[in-house]
Amino acid sequence: QVQLRESDPGLVRPSQTLSLTCTVSGGSITTSYYLWSWIRQSPGKIMEFIGYIDNFGNTNYNPALAGRTSISRDTSKNQFTLQLRSVSPEDTGVYSCVRSLRCCGPLKGNFTDTAWGPGTQVTVSS
């Protein structure tokens, strides 16, 4: 059974870079057919896709966030990492790493073969 877990963001202040690492066990991030994504949800807002990295290491980002988003991976550690630069209080929310099928994921209403990390609270405040 694949499991995902997000790291603790620590203290994040405006203008800094948020770094989160998702550690995956029970499955390889190089396995075909899967996307490894970061999503977030802020109070009063819908869940927002941030970006993903696929089994080849190719990335795709939400255009609204692409300019300050980077997703990378370390296959030897079976981890993938989010960097969100120049954060502001508007970036506050619960951040989750997610594994979904390449064809479709929960944001498209398909929960088949989807795995979630427990989520981690990110609070951007001075």
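Quick note: structure is the one above.
As a starting point, this report considers the structure included with it. (Residues numbered from 1 in each chain as written. Predicted model: local features only at pLDDT ≥ 70, side-chain atom pairs only at ≥ 80, totals over all residues. Heavy atoms only, no water.)

A few words now on the state of the cysteines. Taken as a whole, this structure holds one disulfide when the rule is applied. Across the disulfide from Cys-22 sits Cys-97; the S-S distance is 2.2 Å. Handedness of the Cys-22-Cys-97 disulfide follows from its S-S torsion of about 70°: it is right-handed. Of the two residues, Cys-22 is situated in strand β2 (residues 18–25) and Cys-97 in strand β8 (residues 93–101); the sequence distance between them amounts to 75 residues. Accessibility classification places Cys-22 together with Cys-97 in one group, the buried group. (Disulfide = S-S within 2.5 Å. Helix = DSSP H or I, 4+ residues; strand = E, 2+ residues; numbered from the N terminus. Buried < 20%, exposed > 50% of the residue type's maximum accessible area, 1.4 Å probe, protein only.)

A word on unusual backbone geometry. The backbone of Tyr-33 shows a phi angle near 85°, a positive value even though the residue is not glycine. Its location among the elements puts Tyr-33 in the loop between β2 and β3 (34–41). For Asp-113, which is not a glycine, the phi torsion comes out positive at approximately 55°.

Every second residue of β2 is oriented toward a common face, the buried set being Leu-18, Leu-20, Cys-22 and Val-24 and the non-buried set Ser-19, Thr-21, Thr-23 and Ser-25. Taken together, the four bridges between strand β1 (residues 3–6) and β2 define a ladder with antiparallel strand orientation. Pairing of Gln-3 across the sheet is with Ser-25, part of β2. Bridging between β2 and strand β7 (residues 79–84) involves six bridges; their strand directions are antiparallel. Along β7, the bridge assignment pairs Ser-19 with Gln-83. (Pairing = 2+ DSSP bridges.)

Remember, this is a structural readout, not a statement about activity or role.
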